[in-house]
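# Observations on chain architecture
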Amino acid sequence: MKKTVFLVVAVLFFVVLALFSEREGALKTKVKLGDNSYMDEVTIVQKKDGATKWTLSSKKAVFVTDNEVALAQVNITFPEKELTLTSDNGTYHIEQRDLKIEKNIKAAGKNYDIVAETLFWDASRNELFSDDTVHIVGKKFHVEGDSMVATTDKATLNSNVKAIFYGK
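What counts, and at which threshold
- Residues numbered from 1 in each chain as written.
- Predicted model: local features only at pLDDT ≥ 70, side-chain atom pairs only at ≥ 80, totals over all residues.
- Heavy atoms only, no water.
- Helix = DSSP H or I, 4+ residues; strand = E, 2+ residues; numbered from the N terminus.
- Buried < 20%, exposed > 50% of the residue type's maximum accessible area, 1.4 Å probe, protein only.
- Contact = heavy atoms within 4.5 Å.
- Areas by Shrake-Rupley, 256 points an atom, 1.4 Å probe, with all protein chains shown as cover.
- Core = buried A, V, L, I, M, F, W, Y, C linked by side-chain atoms within 4.5 Å.
- pLDDT = per-residue confidence, 0-100.
- Phe/Tyr/Trp six-rings, centres within 6.5 Å; stacked < 30°, edge-to-face > 60°.
- Lys NZ or Arg CZ within 6 Å of the ring centre and 35° of its normal.
- Patch = residues over 30% accessible without salt bridge, like charges linked within 9 Å, V, L, I, M, F, W, Y side chains within 5 Å.
- Salt bridge = Lys/Arg side-chain N within 4 Å of Asp/Glu carboxyl O.
- Lys, Arg positive; Asp, Glu negative; His and termini not counted.
- Charge placed at Lys NZ, Arg CZ, Asp CG, Glu CD.

## Some points on the overall build of the protein chain
On a plain count of helices and strands, the protein chain comes out with two helices and 12 strands. Secondary structure elements of the protein chain, listed N to C terminal, follow the sequence α-α-β-β-β-β-β-β-β-β-β-β-β-β. The buried share among the 168 residues of the protein chain stands at 30%. Taking all contacts inside the protein chain whose residues are at least 6 apart in sequence as the whole, residues at least 24 apart take part in 28%. A total accessible area of about 11,400 Å² is found for the protein chain, and carbon and sulfur atoms account for 56% of it.

Following this line, the structure appears as C-alpha cells:
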C-alpha cells in the first residue's frame, strides 16, 4: 500500500513539475522599472545596416518610464562624423532611439568644437539639431547662430548667424 501511495505521489509530482515548466514563461514576473531603477556605467550602441551610427556612455542611467531613460555625464561618439560629444545630462527615448542632450555640451571634431546648451539627435532623420544658440569654434574662426541642423555631410547654422575669421 505504501509503495502505491508513493508511486501515485511521485507521478503527481512529476506531472505538476512538467505543467509548471511548460508555463514557466507565463508565470515569470515582469520587471517593473521606475524612479528607483538605475544602471551605472552604461553604454548604448546604435547601428544601422551594420554600421555604428553612435556610441553613448553614461555614468548613470535612471529609468523615468519604460521608454525614457535619464542620463548623467554623457559621452557620445559619432564615428561617421569623427565627433565626440560630452554633456552633463541627457534623455534617451528607447523606442524612437532619439536623444536630448543638455547642459555644458561640447562636441569635439577633427578641426573644430561645437558648444551648445541643448542638442537633439533624431535617429529617424539621422540629424543632430538645436533650437538654442550654437557656437562652432575652429583654430581660425568662430561662428555662432540661434539654431543648427547637422547631417552626415554638413552643419547649418540658422538665424542671427555671426562669424569671425582670424588671420594667420
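Anyway, onward from the coordinates.
## Description of the nonpolar core
Formed by 30 residues in total, the largest nonpolar core has its most connected members in Trp54, Leu56, Leu71, Ile76, Leu85, Leu99 and Leu119. The dominant element in this core, judged by the number of residues it contributes, is strand β3 (residues 68-78), at five residues. Setting aside its immediate chain neighbours within four residues, Leu99 contacts Trp54, Leu56, Leu71, Ile76, Thr91, Tyr92, Leu119, Phe120 and Trp121.

## Quick word on the side chain of Asn126
Along the chain, the position of Asn126 falls in the loop between β6 (112-122) and β7 (127-130). Sequence-distant contacts of Asn126, defined by excluding residues within four places in its chain, comprise Lys53, Glu80, Lys81, Trp121, Ala150, Thr151 and Thr152.

## Quick word on the environment of Arg97
The residue Arg97 is located in the loop between β4 (83-93) and β5 (98-108) in this model. As a C-alpha pair, Arg97 and Asp122 span 25 residues in sequence and 7.8 Å in three-dimensional space. Beyond its immediate stretch of four places on either side in the chain, Arg97 contacts Gln46, Trp54, Tyr92, Trp121 and Ala123.

## What about the confidence of the model for the protein chain?
Mean pLDDT for the protein chain: 79, with 79% of residues reaching 70 or above. The weakest mean pLDDT in the protein chain belongs to helix α2 (residues 24-27) at 47; the strongest belongs to strand β9 (residues 141-145) at 92.

## A few points about the packing of aromatic side chains
Per the counting criterion, the structure on display carries two aromatic pairs. Measuring from centroid to centroid gives 5.2 Å for Phe78 and Trp121, while their planes differ by 50°, and the two rings are tilted. Taken together, the residues Phe78 in strand β3 and Trp121 in strand β6 connect sequence positions 43 residues apart. Trp121 shares its class with Phe78; the two are buried. Look at Phe120 and Phe129: their rings are 5.4 Å apart centre to centre, the planes differ by 25°, and that puts the pair in the stacked class. A cation over an aromatic ring shows up here: Arg125 above the ring of Phe129, its NZ or CZ 5.5 Å from the ring centre.

## Overview of unusual backbone geometry
In this structure, Glu41 is a non-glycine residue whose phi angle is positive, near 50°. Residue Glu41 is classed as exposed on the basis of its relative accessible area, which comes to 57%. Even without a glycine there, the phi angle at Arg97 is positive, about 60°. Arg97 gets classed as partly exposed once you look at its relative accessible area, which sits at 39%.

## Notes on a negative patch on the surface
A surface patch of negative charge is lined by Asp88, Glu117, Asp131 and Asp132. Mapping Glu117 onto the fold places it in strand β6. For Glu117, a relative accessible area of 44% puts it in the partly exposed group.

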